[in-house]
Each structure stands twice: as structure tokens, then as C-alpha cells.
Amino acid sequence: MAMHVIFPGPRTTIQDLGRTGYQNSGFGPGGFIDRAASARANALVGNSDDEAVIEFCLIGPVLQFDEEVNLAVCGGDFGIDVEGTVYSADKAVHVPAGAAARITTGSVGIYGSIAVAGGLAIPVVMGSRSTSLRCGFGGFEGRALMAGDIIALRHPEKGREDLSRRWVPARQPASLSESGAVRIRVIPGPQEDMFTGEGLRTFYESAYEISSHSDRMGFRLRGPAVEAKSGYDILSDGVVNGSVQISGAGEPIVMMADRQTTGGYAKIATVISVDIPVLAQLRPGQKVQFAKCAVQEAQRLIREADSAWKQHRRMLDEGIPEGLSETADGVRPGKDYAGNPAGDSMNTSNTSAGLSAGAQQREAIPVVLSQGLEVEIFRPLDEDRQRFGWKRRPCRLSEGGSRQHGWKRAASDSGGRQAGRKE
């Protein structure tokens, strides 16, 4: 089975986590520009987080497959148009054999990651399937995809699996500064002391606009010049993903996935890992404002995000329904990979398992009751009351702590143990 590229889109490439261990030889790691989006897309189709994806910039490709396949697109506000039916991002989409899948573009975000269930049959070069356009190797023949390219799938049988119940939490909106710019947190850079006090105030208090001269190598920012004590040049040293250099004109440049291995401009700061995906999805013309973050705080944030995401992957593998998550004593309302409540509909009480009214609750409630847990929801549907035997009783909602009338499905009615401990 193979994938046929009907229309590639501009600079559409194959990317994975990138190749490590070669920067001392001048080869940058490359890889996903938005690791969160790529991990989410892979999770939806049952791949490992580091599986190679098709990465595009703003305008996505049109792809056709010999046999049925499962796809997912994550990142910006994109969609998958299959024979006239458009599916939103962040969902697994089944594409019938011979059908064309066209990526649609929305108004938010710029980079998209398309995951194909079973993975692409791309050769591994120096430990990675990522494309290095500057070096001309990796990915598909070391270049961007072109119309007429044919790429085989490693495990085409994955296209026949039902992935409709796999889900990922909604990504949270970017945090905005008082000026309305997107807030990007940074830790102080190795050459911060090369800048004057006024220069540092300018850097942290000004809003900078994403330039149209931005790409996978780096995001150029336009705005007030950052004053240095005696120039911006240094003896070249290493740069990392998120390094913020200040150019000779005094403007910031943020190093991204395809960055060079070393640079000769002073580095005033480094974008923290959890905010790099936020920055990666900003379009030219959007504004950012930098906020100083302690190293310990940045480490705590990435540890929490990584732990939450690993928990979510376990939930997917075990088939736990959307809106719930595992805990030591059972199942609870879920959180996304950044530690935020999962979904706007999670208006629940503070029992061991809270569920929102709606279609998803009918799938989730039997799972919770099978655990012997007590369930409370606010204003259940008539259909739910009849099916699960809800009884009216006062209950304390989790938000605000005020007592209001609610509904309870007691554990004794379901034959389970009394596990709905109040907190």
C-alpha cells in the first residue's frame, strides 16, 4: 500500500524527533517544529509519539491512498476534507481506499502535523527520518514533497482499525500580556550580561512582531532595538531550540527546529520548552512579549506536562473514555497535557467521578459504575435518569463550593462498593 502526493503544499516535509549526537560535526537535529502537535497526531492514530509525520506550513497537501487508512492532523486550525466531508483537527479520520484527503486551512496556527497510522516507509539516516533541506538528506529523498511522489506505509494493516474513540485534550489558548501580545516565557540567556539595564527592560516590556522572514530555522522579530553594552557579536558558541539571539540591528531572532549548531550573536534568553509549541504556531504579524521565568519553574512545567501526557497515552491504550482520567483510587475528570481541565463541558461535582451531561456521559457512566464508583452530575438528561436510575439530592459542586440541587446515582443502586468519598 502507498500514499500518493497529488498536491504537496509549499515546503511540506517528513519530520520526526530529529537526529541527535551530530552537532559536533555541524549537523543540526532538525525534527518536529511543534512537538506537542506531532505527539497528539501520532497518539490519535495509534503511533508512538516519535513516529515520523508529514509537516506542512499553512497550506497542506492533498494525499491519496491505495487502501483504507487512518489519518490525523494537529497543530493549527486545520481540517481533513475527505470526498467533500470536512473533519476538524485533533480527531482520527478514516479515509476509504482510493479517496483523496485534502488538508483545509483555518485562521489560527501555521504549522500542521499529519500522522498516518502505521507510519511511513522512510529510510532512517543518522538515526532519524527527518528531512534536512539544507543538507539534502533524510526524509523523502532529502527534499520537500512534490506532486507525483509515492511513499509506502510500514504497517498498512493499521488502516483497518477503528480509532474513533481515541481523543486528545483541547489545546489551551495562548496566554496574553496586558498589551494583547502572546506571552512567551524565557529563562535568562548565557550572554544576558552583555546588555544594558535599559536594553533588558526593552526586551521584556516591549511587544515584538513575527516577521514574514521566519521559517523552521528561526523566527525573526520586529520591534524596539535591545541596547547592548558594547556590541552584539561573540565568539561563536552553541545554540539550542528556543535560543533568543539579538542581531546586529538589536532585534531578537528565536532559533527553531532547523537552527544552525552555533551562532555568533549574543543570546539574551532561551524560550522554555513548554512555550516553544506556542511560539511555533504564531503567524507573521502576530505579536509576542517575553516574560522572565526561573529555571526551576521551567523544569517544573516541563516535568508536569510530560507526566500528564504520559498518563494520557496510558488512557488511550487502555480505552478510557474522553473526559476521564486514572487516579490511585479510580477514575476522575481528566486534565490535558498542560494540567488544565479537559474540555469546556466538565462542569462536575467533587465526587470520585464527575461527568457532564451529554452524549459522552452515556458512554462513560457504565465504565465508572463498573469501577464501583459513585457518580454525580448536574441536570442529567431525562434519558439518562431513566437508564441509570438517578435520584435527586443536594450536592456540592466543585466550583465555588456552594450547595445546589443535583443528581446522584448511588453505588448501592449499581451493586458496586461505596467509593464516592467526599473530599
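Heads up: the structure comes first, above all this text.
Analysis parameters
Residues numbered from 1 in each chain as written. Predicted model: local features only at pLDDT ≥ 70, side-chain atom pairs only at ≥ 80, totals over all residues. Heavy atoms only, no water. Helix = DSSP H or I, 4+ residues; strand = E, 2+ residues; numbered from the N terminus. Buried < 20%, exposed > 50% of the residue type's maximum accessible area, 1.4 Å probe, protein only. Contact = heavy atoms within 4.5 Å. Areas by Shrake-Rupley, 256 points an atom, 1.4 Å probe, with all protein chains shown as cover. Phe/Tyr/Trp six-rings, centres within 6.5 Å; stacked < 30°, edge-to-face > 60°. Core = buried A, V, L, I, M, F, W, Y, C linked by side-chain atoms within 4.5 Å. Polar contact = N/O pair within 3.5 Å; in protein donor to acceptor, adjacent residues only side chain to side chain. Salt bridge = Lys/Arg side-chain N within 4 Å of Asp/Glu carboxyl O. Axes fitted to C-alpha atoms, helices over the stretch in contact; angles between N-to-C directions. Parallel < 35°, antiparallel > 145°, perpendicular 65-115°, else oblique. Left-handed = near helix turned anticlockwise from the far one by under 90°. Pairing = 2+ DSSP bridges.

Description of the overall build of the protein chain
What the protein chain contains, in helices and strands, is seven helices and 26 strands. Relative to its full complement of 423 residues, the protein chain shows a buried share of 52%. For the protein chain, restricting intrachain contacts to residue pairs at least 6 apart in sequence, the fraction spanning at least 24 positions comes to 68%. Here the protein chain has roughly 18900 Å² of accessible surface; of this, 49% comes from carbon and sulfur atoms.

Looking at the packing of aromatic side chains
The tally for this structure, following the rule as stated, stands at six aromatic pairs. With a centroid separation of 4.6 Å and an interplanar angle of 10°, the aromatic rings of F203 and F290 are classed as stacked. On the criterion of sequence distance, the pair formed by F203 in helix α2 (residues 197–205) and F290 in strand β20 (residues 287–292) is long-range, its members being 87 residues apart. For the pair formed by F203 and F290, the shared burial category is buried. Members of the aromatic cluster, joined through ring pairs, are F203, Y204, Y208 and F290.

Quick notes on the nonpolar core
F195, F203, V254, L279, V288 and F290 are the most contacted members of the largest nonpolar core, which has 33 residues in total. Only β12 (182–188), α2, β13 (208–210), β14 (218–222), β16 (243–246), β19 (267–271), α3 (276–280) and β20 provide two or more residues apiece to this core. Apart from residues lying up to four places away in sequence, F195 is in contact with L200, V226, E227, A228, K229, Y232, I246, A266 and I268. Counting residues in each nonpolar core, the second largest holds 28 residues, with F65, V93, A101 and L153 among its members.

A short note on the side chain of Q260
Inspection of the secondary structure assignment puts Q260 in the loop between β17 (252–255) and β18 (262–265). In this structure Q260 comes out as buried when scored by relative accessible area, which is 18%. A distance of 3.5 Å separates a polar atom in the side chain of Q260 from the backbone oxygen of T262. Those residues in contact with Q260, other than ones at most four positions away along the chain, are R134, M217, V239, Q245 and M255.

Considering the pattern of salt bridges
Applying the stated criterion across every chain, the model contains 19 salt bridges. A salt bridge links D149 to R143, with the shortest nitrogen-to-oxygen separation between them at 2.9 Å. For D149, a relative accessible area of 8% corresponds to the buried category. Among the salt bridges present, the one from R185 reaches D275, with a minimum N-O distance of 2.9 Å. One end of the pair, R185, is in strand β12; the other, D275, is in the loop between β19 and α3, with 90 residues separating them in the sequence. One salt-bridge network, in which partners are shared between bridges, spans E55, R216 and D258.

Digging into the packing of helix α1 (residues 35–44) against helix α4 (residues 295–318)
Look at α1 against α4: their axes get within 11 Å of each other, and the N-to-C directions meet at 15°. Taken together, the axes of α1 and α4 lie roughly parallel to each other. Both α1 and α4 take part in a crossing whose hand is right-handed. Contacts between α1 and α4 involve A39, R40 and A43 from the first element and W309, R313 and L316 from the second.

Describing the sheet that holds strand β9 (residues 100–104)
With antiparallel pairing, six strands are arranged side by side in an open sheet as β7-β6-β9-β4-β1-β11. The open sheet is flanked by β7 (85–88) and β11 (150–152), the only strands paired with a single partner. For this sheet, the mean angle separating the axes of adjacent strands, direction not counted, is 25°. Alignment of strand β6 (residues 79–82) against β9, held across four bridges, turns out to be antiparallel. Across the sheet, residue D81 finds its bridge partner in β9, namely R102.

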